[in-house]
Structure formats: C-alpha cells, structure tokens
Amino acid sequence: QAERTSADTLAQDLYQQIVHLPWNHHTAEAYLRQGRFQLQQGHLTEAAQLFSQLLIQGEEPEAQGLFYLARVAEQQGDDKGAVERLKQMVTKHPDNELADEALGRLAELAEKAGGCTQALPYYQRLSEEYSQSGWALVARSALERCRQPEAGEMDGSP
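Residues numbered from 1 in each chain as written. Predicted model: local features only at pLDDT ≥ 70, side-chain atom pairs only at ≥ 80, totals over all residues. Heavy atoms only, no water.

### Section: helix α4 (residues 59-75)
As a reminder, the rule being used: Only DSSP runs of H or I reaching four residues or more are called helices, and only runs of E reaching two or more are called strands; each is numbered from the N terminus. A helix's residues, less one, multiplied by 1.5 Å, set its expected span. Burial classes follow relative accessibility: with a 1.4 Å probe on protein chains only, a residue under 20% of its type's maximum area counts as buried, one over 50% as exposed, and anything between as partly exposed.
Between its first and last C-alpha atoms α4 spans 25 Å; for 17 residues at 1.5 Å apiece the expected length is 24 Å, and the two agree. Most of α4 sits inside the fold, with 13 of its 17 residues counted as buried. A positive phi of about 85 degrees marks G77, the residue just after α4.

Okay, structure coming up:
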C-alpha cells in the first residue's frame, strides 16, 4: 500500500523489516522491490547487493536476480557482464516469465556488439520458442530487418 501511495521511503523501510525476518514467502519479493527501487535511484552497488541475495533463494528468485543483475551491469557499462547474466538466466530458467525479455535483451546487446549476424540466433530462438510473447513480434520484425541487407548484398544493390 505504501508503494501505491508513493510513500517510497516507508515502503523501503517495510521491505527492509521483511528481509530481516527468517526467510518466508515475502522475502524474495522484498529483495526484488528494494533492488528495483535502488536501481531506479541509480544506486547500482546497493541494487546489485540486493539482487545477489536472490541468487541463493531458489529457482524463481534466482531467475529474477540474474535478470536484474544484468540490468545493473548494463547501467554500469558492463555489457559483457550483462550478457553473461542473461545467458545464465535463459539457460537455467527458460520457462521463467522473464526469459523472453532476457533473450530479447541478449539479441539487442548482440546486435549492438556485432550487428545482425550475432543477433540472429537470439531473434530466431525468440521467434520459435516464445512465439506467443510480445518479444516474438519484436524478433520477427528484427529478423526481417536483418535479412533485408543480406538480400541487397546478394543482388548487388546498395
């Protein structure tokens, strides 16, 4: 309720109280919400510490921790670290609700680093394995865009 009324400080204090309790069904969510708040505030070290706590708490929290640690790495300018975390996430947790978004981000980072050639496997996987996802639409569009220059190169047009 504190979050809904924009009482961010109160919400963060309440989440902090939850993480000091023995682990329960609210703990992972408390770490996640605290970490996302710190990430939004630009406190990357604090966010990374909170997300790291999720890595040792089971399958679902681990997937979320890996996903958000990748975002922290990106904001720190560490694309390699982000790619590593995202790859871990999609390999270990392909059925997680964030897996398609992680794969989409991997494709974007690969395209940024090496163009369409590097991104194609990610876009193809997104299109095939997550066909019902909004990310599949992004992937299909990217596949089309990436194939157009190849066709132009083959027929000699610029």
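### Remarks on the confidence of the model for the protein
As a reminder, the rule being used: Confidence of the predictor at the level of single residues is given by pLDDT, which spans 0 to 100. Working rule for contacts: check all heavy atoms of both residues, and any pair within 4.5 Å makes them a contact.
Put simply, the protein has an average pLDDT of 85, and 80% of its residues get 70 or more. Per-element confidence in the protein is highest for helix α5 (residues 79-92), whose mean pLDDT is 96, and lowest for helix α1 (residues 8-19), whose mean pLDDT is 67. Scored below 50 in pLDDT, residues 151-158 shows one contact in the model against residues more than four places distant or in partner chains.

### Here we look at the environment of G81
Within the secondary structure, G81 sits in helix α5. In this structure, the C-alpha to C-alpha distance between G81 and A70, residues 11 residues apart in sequence, is 6.8 Å.

### As for the packing of aromatic side chains
What counts is decided by this rule: Ring pairs shown here join Phe, Tyr and Trp side chains whose ring centres sit within 6.5 Å, with only the six-membered ring taken for Trp; geometry is labelled stacked below 30 degrees between planes, edge-to-face above 60, and tilted in between.
Counted by the stated rule, this structure contains two aromatic pairs. Pairing F51 with Y68 gives two aromatic rings, centres 5.2 Å apart and planes at 20 degrees, and the pair type is stacked. Of this pair, F51 sits in helix α3 (residues 44-53) while Y68 sits in helix α4, and the two are 17 residues apart along the sequence. For the pair F51 and Y68, one class covers both residues: buried. With a centroid separation of 5.1 Å and 90 degrees between ring planes, the pair formed by F67 and Y68 is classed as edge-to-face. For the pair formed by F67 and Y68, the shared burial category is buried.

### Examining the pattern of salt bridges
In plain terms, the rule: Think of a salt bridge as a Lys or Arg side-chain nitrogen and an Asp or Glu carboxyl oxygen that are within 4 Å of each other.
Counted under the stated rule, the structure contains seven salt bridges. Here R33 and E29 are joined by a salt bridge, their closest N and O atoms 2.7 Å apart. In this pair, R33 and E29 are both assigned in helix α2 (residues 27-41), four residues apart and thus about one turn of the helix distant. Taking relative accessible area as the criterion, R33 reaches 27% and is therefore assigned partly exposed. Under the relative-accessibility criterion, E29 is labelled partly exposed at 32%. E129 serves as the salt-bridge partner of R125, at 3.0 Å between the closest nitrogen and oxygen.

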